[in-house]
Number of protein chains: 2
Amino acid sequence: MYRIDFNDFFTSAFSVDCILFGYSEGEIKALLIKRAMQPFENLWAIPGDLIYPDEDLEQAAERVLFELTGLNNIAMHQSQTFGKPNRHPQGRVITISYFALLRIEDFEVKASSWAGDVQWVSLKNMPDLAFDHNHILSSTYEMLKLKLQNEPICFDILPERFTLNEFQQLFEFAFDQAFDKANFRKKIKNIPLIAHDEKQQNVKHRPAKLFSFDMMAYAEGIEQNRYTFKM
Amino acid sequence: MYRIDFNDFFTSAFSVDCILFGYSEGEIKALLIKRAMQPFENLWAIPGDLIYPDEDLEQAAERVLFELTGLNNIAMHQSQTFGKPNRHPQGRVITISYFALLRIEDFEVKASSWAGDVQWVSLKNMPDLAFDHNHILSSTYEMLKLKLQNEPICFDILPERFTLNEFQQLFEFAFDQAFDKANFRKKIKNIPLIAHDEKQQNVKHRPAKLFSFDMMAYAEGIEQNRYTFKM
DNA sequence: TAAATTATTGTCCAAATTACAATAATTAGA
DNA sequence: TCTAATTATTGTAATTTGGACAATAATTTA
């Protein structure tokens, strides 16, 4: 096991591909780049890069995110690893897909050195992408939905204090369907939230109460095995 | 993107680690090997191997399985990828974990060239393993449970025709808890099964009816988005 | 033919889900 | 200040699901 012979394996490389999901105009979108170089020059692709030799996988994913968006402190979540021998025309490149959910309006996208153009593209209107990126994108969207239902990753994207409607809208966006307000509130009643006295500001109607995720209570519940996150 | 410079990346290698889950004596066990070489010589470890340059990931995982057990035609499922820069003392090795559920009594384990000993070890009594293998094992067990609940992978392991009790026992084994027979049958009532006239043979009591998974009906239901597998 | 054993189905009650209605709090404007 | 408009929040009733447990059915063994 692990009979490392570098001569046999030196033609391999690892990359991360980062699927950044966002929401605007009623649609789920992914941030894509237009490739500025061969192969697949001028085709749209998922942003990604090779992983540096001394770099952790998640760190590489966050670096790609930062180069494109300037955003820091956004947790990237691992989805799946894709490694068909011929998926990259220039050599063996095994790629690990990561994803994050972003609020599109929170930042301005910058074209990076390896991208000619950058754009939010609706999942419903996806062109043919470079490499096996259509496959990676759809698998990762499925993983996003699975993780949203089984891990509290929704709180990565919500502001520290949020309204229950914002909470609901996040799920509506990810699953691309509307939920009943009253029923949604019943569904989340076992997720530990802290209700604050503070209220929503600058709205033209009754302001909603602000909540935050009770990380401590959640961790304790998980620790003691008397709770599993389920949506 | 994908600026491949082999000089920068040649010290990397990929491996697969294969977690083979089995059940006997009322316990969930994983097949472990005793390492016959450095590093971590004589420590127990998850079986794994480097991925050959022209080999698909899943193919590599199935090769490791075959070398250990002689078993073919068992689907391996991808779990997660682990790649901390220093997880392998001899170089950068990113490892992709795969798992399968096996019936322990169906085969005889053979020690392979890279293993001094092979043994089924209960998850409840797990020693310190080589590398980050304790972490990989527990993450992969969680992934097994998640996938069992969200994808029809249970039918990989069940015989083509199975009794409802065998079906139930598989879940009892994976989740390490007993379920009520009547209630389990209600729960699976939306999973498309074909009921055969055939019955269980050679049992000392009323034989159970045999069922098989209706793959066609399942695929159609998924295709049309009018169904999601949920347990 | 009866006892033993397990398969299969049914029942009752509690809990969760769904659809929808009612009430509360706030803003904007008359 | 008062009222309409708007959204937040809570409630209710019907339906569906889930859990505990009982009843019945089909076999084998003696």
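Residues numbered from 1 in each chain as written. Chains lettered and ligands numbered in written order. Predicted model: local features only at pLDDT ≥ 70, side-chain atom pairs only at ≥ 80, totals over all residues. Heavy atoms only, no water.

**A closer look at the overall build of chain A**
Tallying secondary structure elements over chain A gives seven helices and nine strands in all. Over its C-alpha atoms, taken along the principal directions, chain A stretches across nearly 65 × 45 × 25 Å. Considering chain A as a whole, with its 231 residues, one finds that 51% of them fall into the buried category. Contacts in chain A between residues at least 24 apart in sequence constitute 64% of all its contacts with a sequence separation of at least 6. Distance from the positive charge centre (25 side chains) to the negative charge centre (32 side chains) of chain A: 8 Å. (Helix = DSSP H or I, 4+ residues; strand = E, 2+ residues; numbered from the N terminus. Buried < 20%, exposed > 50% of the residue type's maximum accessible area, 1.4 Å probe, protein only. Contact = heavy atoms within 4.5 Å. Lys, Arg positive; Asp, Glu negative; His and termini not counted. Charge placed at Lys NZ, Arg CZ, Asp CG, Glu CD.)

**Details of the interface of chain A and chain B**
Listed as interface residues are 52 residues of chain A and, on the opposing side, 52 residues of chain B. Interface area for chain A against chain B, summed over the two sides, is near 4600 Å², with a carbon-plus-sulfur share of 62%. Inspection of the region where chain A meets chain B yields two salt bridges. D56 of chain A is paired through a salt bridge with K84 of chain B; the nearest N and O atoms lie 3.4 Å apart. Between chain A and chain B we count 11 residue pairs in polar contact (both at pLDDT 80 or more) in total. Mapped by element, the contributors of at least two residues to the side of chain A that touches chain B are α1 (6-9), β1 (12-24), β2 (27-35), β4 (48-50), β5 (77-82), β6 (92-101) and α3 (133-150) of chain A. The residue makeup of the side of chain A that touches chain B, split by class, is 25 nonpolar, 15 polar and 12 charged. (Buried area = accessible area lost by both parts, 1.4 Å probe. Salt bridge = Lys/Arg side-chain N within 4 Å of Asp/Glu carboxyl O. Polar contact = N/O pair within 3.5 Å; in protein donor to acceptor, adjacent residues only side chain to side chain. Nonpolar A, V, L, I, M, F, W, Y, C, P; charged D, E, K, R; others polar.)

**Looking at the protein's contact with DNA strand D**
Residues in contact with DNA strand D amount to 19 residues; listed here are only the nearest, N165 and K181 of chain A together with K186, K199 and R206 of chain B. Within the contact set of DNA strand D, a base nitrogen lies 2.9 Å away from a side-chain nitrogen or oxygen of R206 of chain A. Between D180 of chain B and DNA strand D, the recorded distance is 3.4 Å, taken from a side-chain N or O atom to a base nitrogen. Where the surface near DNA strand D is concerned, the elements lending two or more residues are α6 (181-187) of chain A together with α6 (181-187) of chain B. Per element, the largest residue contribution to the surface near DNA strand D is four residues, and it comes from α6 of chain A. Class assignment of the residues belonging to the surface near DNA strand D gives a composition of five nonpolar, four polar and 10 charged. (Near = heavy atom within 4 Å.)

**Looking at the relation of the copies chain A and chain B**
To go from the first copy of the chain to the second, apply a rotation about an axis and then a shift along the same axis. With an RMSD of 0.1 Å, the fit of chain A onto chain B corresponds to turning through 179° and sliding 0.0 Å along the axis. On this basis, the relationship between the two copies can be described by a two-fold rotation axis. (Least-squares fit on C-alpha atoms with pLDDT ≥ 70 in both.)

**Focus: the packing of helix α3 (residues 133-150) of chain B against helix α5 (residues 164-175) of chain B**
Residue and element names in this part refer to chain B. Direction vectors running N to C along α3 and α5 enclose 150°, while the axes themselves pass 10 Å from each other. Classed by the angle they form, the pair α3 and α5 counts as roughly antiparallel. Helix-helix and strand crossings are classified by hand; for α3 and α5 the assignment is left-handed. Between α3, through Y141, K145, L148 and Q149, and α5, the contact on the second element is made entirely by F171, A174 and F175. Per-class residue counts for the contact of α3 with α5 are five nonpolar, one polar and one charged. (Axes fitted to C-alpha atoms, helices over the stretch in contact; angles between N-to-C directions. Parallel < 35°, antiparallel > 145°, perpendicular 65-115°, else oblique. Left-handed = near helix turned anticlockwise from the far one by under 90°.)

**Observations regarding the environment of F173 of chain B**
All names here are of chain B. Within the element layout of this structure, F173 appears in helix α5. The sequence separation of F173 and I28 amounts to 145 residues, and the corresponding C-alpha distance is 6.6 Å. Here F173 is in contact with G22, Y23, I28 and L101, once residues within four sequence places are set aside.

**Things to note about α5 of chain B**
All names here are of chain B. Relative to the 16 Å expected for 12 residues at 1.5 Å per residue, α5 spans 17 Å between its end C-alpha atoms, a close match to the ideal helical length. Every buried residue of α5 is listed here: L164, F167, Q168, L170, F171, F173, A174 and F175. At the exit of α5 stands D176, carrying a positive phi of roughly 55°. (Expected span 1.5 Å × (residues − 1).)

**Here's the deal with the nonpolar core**
Residues F167 of chain A together with F167 of chain B are the most contacted members of the largest nonpolar core, which totals 82 residues. When sequence neighbours within four positions are dropped, the list of residues in contact with F167 of chain A reads C154, F155, L158, F162, F184, I188, I191 and L193 of chain A. Grouped together as the second largest cluster of nonpolar side chains are 58 residues, L31 and A115 of chain A together with L57 and V64 of chain B included. (Core = buried A, V, L, I, M, F, W, Y, C linked by side-chain atoms within 4.5 Å.)

**Looking at the environment of D49 of chain A**
All names here are of chain A. Mapped onto the fold, D49 is located in strand β4. As for D49 and K84, which are separated by 35 residues in sequence, their C-alpha atoms are 17 Å apart. At 3.2 Å, the side chain of D49 forms a polar contact with the side chain of R63.

**Describing the pairing of β5 of chain A**
Residues and elements named next belong to chain A. Counting buried residues in β5 gives five out of six residues, a clear majority hidden from the surface. Relative to β6, β5 runs antiparallel, the two sharing four bridges. The residue of β6 that forms the bridge with T81 is I96. (Pairing = 2+ DSSP bridges.)

**Focus: the pairing of β6 of chain A**
Residue and element names in this part refer to chain A. Taken across its 10 residues, β6 has 10 buried, putting it largely inside the fold. Of the two faces of β6, both are covered, the one formed by R92, I94, I96, Y98 and A100 as well as the one formed by V93, T95, S97, F99 and L101. Inspection of the sheet shows β1 paired to β6 by 10 bridges, in the parallel sense. Note on β6: the bridge partner recorded for C18 is Y98.

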